[in-house]
Amino acid sequence: MEIKTVMVIGAGQMGAGIAQVCAMAGYEVTLHDIKEEIIEKGVFAIQQNIYRAVEKSRMTEVEAEDTLQKICTSTHLHAAAHVDVVIEAAVENMETKTNIFRQLDEITPKHTILATNTSSLPITEIAAATKRQDKVIGMHFMNPVPVMKLVEIIRGLATSQTVFETIEAMAIKLNKIPVEVRDYPGFVSNRILMPMINEAIYSLYEGVASKEAIDNVMKLGMNHPMGPLTLADFIGLDTCLYIMETLHQGFGDDKYRPCPLLRKYVAAGWLGKKVGKGFYEYS
């Protein structure tokens, strides 16, 4: 199957990044969100990234303009009526995602592949909301999307081999490295990353060390580019909590129990960099 047109649902940081790399790869892209102001913010972020690439001679002005012209926007899901692939990057919530996929199943052509950028939720359960379970697949990008090379590709129970190979080839065209992962809670990336972040939060909660010390141990001792508490702020503490709850529920193992301090910060609205305050404060 040849892919020419792509819709990205969700114009936040992840969705905008996905739309950008799709347009850079030559696809005609529709960036969708229910709120016009979020779309405007997403398009602005794409423009800033593209213009920065021109300044650094990674892209010509002609290539930049061509990329931007390949992106259109929409606030109505019916714009998906003529696309070959939909990549959903909405909020990490099962009810929200299954509702979107249920609607897409009615709107999109029969050949359309429905992909989700979920970072932890079961692909098989999302696919069950549709009548095309063979055409539903996980396509988990890393943040920031234009920079990070990895894409986890996750088959649902019924995902066809043809759909897997099509999405794998698409990821390569996006200049990404696709890695096949089975449909388990958290896949590979977050099954390993989130417990590490949660343990760092426990270390702070129990007074083992200050937040700066915990981050420095992991940066200087383990060669991580960013400390786990800083990384949690960048991901969003609400997202970290949701993924930990998904792991805890999915495996039924208390080693995935979210730290009470993480719950307290989320309840306080201290969600990280996106709101200006998490474990650290951001101006």
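Each chain has its residues counted from 1, following the order in which its sequence is written. For this predicted model, a pLDDT threshold of at least 70 governs which residues receive local features, and a threshold of 80 or more governs which side-chain atom pairs are given and counted, while totals over whole chains, interfaces and linings are taken from all residues. The basis for every side-chain value is the complete set of non-hydrogen atoms in the structure, without hydrogens or water.

A closer look at the overall build of the protein
Check the secondary structure of the protein and you find 11 helices and eight strands. C-alpha extents for the protein along the principal axes are approximately 55 × 45 × 30 Å. Only protein chains enter the area calculation, which uses a 1.4 Å probe; residues under 20% of their type maximum are buried, those over 50% are exposed, and those in between are partly exposed. Burial status across the protein gives 49% buried among its 283 residues. Nonlocal contacts in the protein, meaning residues at least 24 apart in sequence, comprise 67% of its contacts between residues at least 6 apart. Throughout, the Shrake-Rupley method with a 1.4 Å probe supplies accessible areas, and for residues the shown protein chains are the sole cover considered. Roughly 14,000 Å² of accessible area belongs to the protein as shown, and the carbon and sulfur atoms make up 53% of that amount. Charged-residue counts in this description rest on Lys and Arg as positive and Asp and Glu as negative, His and the chain ends being excluded. Each charge is placed at NZ for Lys, CZ for Arg, CG for Asp and CD for Glu. Of the charged side chains in the protein, 28 are positive and 34 negative, and the gap between their average positions amounts to 2 Å. What counts as a helix is a DSSP run of H or I of at least four residues, what counts as a strand is a run of E of at least two, and both are numbered from the N terminus. Here, two residues are considered to be in contact whenever any of their heavy atoms come within 4.5 Å of each other.

Comments concerning the UniProt feature "domain: 3-hydroxyacyl-CoA dehydrogenase C-terminal" (unreviewed entry) in the protein
Using the residue numbers shown here, the UniProt feature "domain: 3-hydroxyacyl-CoA dehydrogenase C-terminal" (unreviewed entry) corresponds to residues 186-282. Between the end C-alpha atoms of residues 186-282 there is a gap of 28 Å, over a span that is 63% helix and 0% strand. UniProt positions are given in the numbering used here, feature names are shortened, and annotations may be inferred rather than shown by experiment.

Focus on the nonpolar core
Counting residues in each nonpolar core, the largest one holds 41 residues, and the members touching the most others are Cys22, Tyr27, Ile87, Met139, Phe141, Met170 and Leu174. Among the elements that line this core, the one with the most residues is helix 1 (residues 13-24), at seven residues. Buried Ala, Val, Leu, Ile, Met, Phe, Trp, Tyr and Cys residues that are joined via side-chain atoms within 4.5 Å together make up what is termed a nonpolar core.

As for the pattern of salt bridges
Any two side chains of opposite charge can pair, on the condition that their charged atoms come close. Criterion for a salt bridge: a side-chain nitrogen of Lys or Arg within 4 Å of a carboxyl oxygen of Asp or Glu. Within the structure shown, the criterion is met by 11 salt bridges. As a salt-bridge pair, glutamate 92 and lysine 97 come within 3.7 Å of each other at their nearest N and O atoms. Measuring nitrogen to oxygen at the nearest pair gives 3.8 Å for the salt bridge that ties glutamate 212 to lysine 211. Accessibility expressed as a relative area gives 39% for glutamate 212, which makes it partly exposed. Overall, lysine 211 belongs to the partly exposed group, its relative accessible area being 24%. Taken together, the shared-partner salt bridges in this structure form one network comprising Glu88, Glu92 and Lys97.

Looking at unusual backbone geometry
That bond from asparagine 143 to proline 144 is cis: its omega, 0°, falls within 30 degrees of zero. Looking at the secondary structure, you find proline 144 in the loop between strand 6 (136-141) and strand 7 (150-155). The backbone of asparagine 175 sits at a positive phi, close to 65°, despite the residue not being glycine. Within the element layout of this structure, asparagine 175 appears in the loop between helix 6 (161-173) and strand 8 (177-181). Phi is positive for asparagine 223, close to 65°, though the residue is something other than glycine. Locating asparagine 223 in the fold gives a position in the loop between helix 8 (211-222) and helix 9 (228-235). A relative accessible area of 68% means that asparagine 223 is categorised as exposed.

Notes on the sheet that holds strand 6
For two strands to count as paired, DSSP must find a minimum of two bridges between them. Spatial strand order, 3-2-1-4-5-6-7-8: eight strands in an open sheet with mixed pairing. With partners counted over all chains shown, the strands left at the sheet margins are strand 3 (71-74) and strand 8, one partner each. Direction aside, the axes of adjacent strands within the sheet are offset by 25° on average. Judged from the five bridges that link them, strand 7 and strand 8 form a sheet pairing that is parallel. Along strand 8, the bridge assignment pairs leucine 150 with isoleucine 177. Whenever a helix is involved, its axis is fitted only over the stretch in contact; in every case the axis is a line through C-alpha atoms, and angles between N-to-C directions fall within 0 to 180 degrees.

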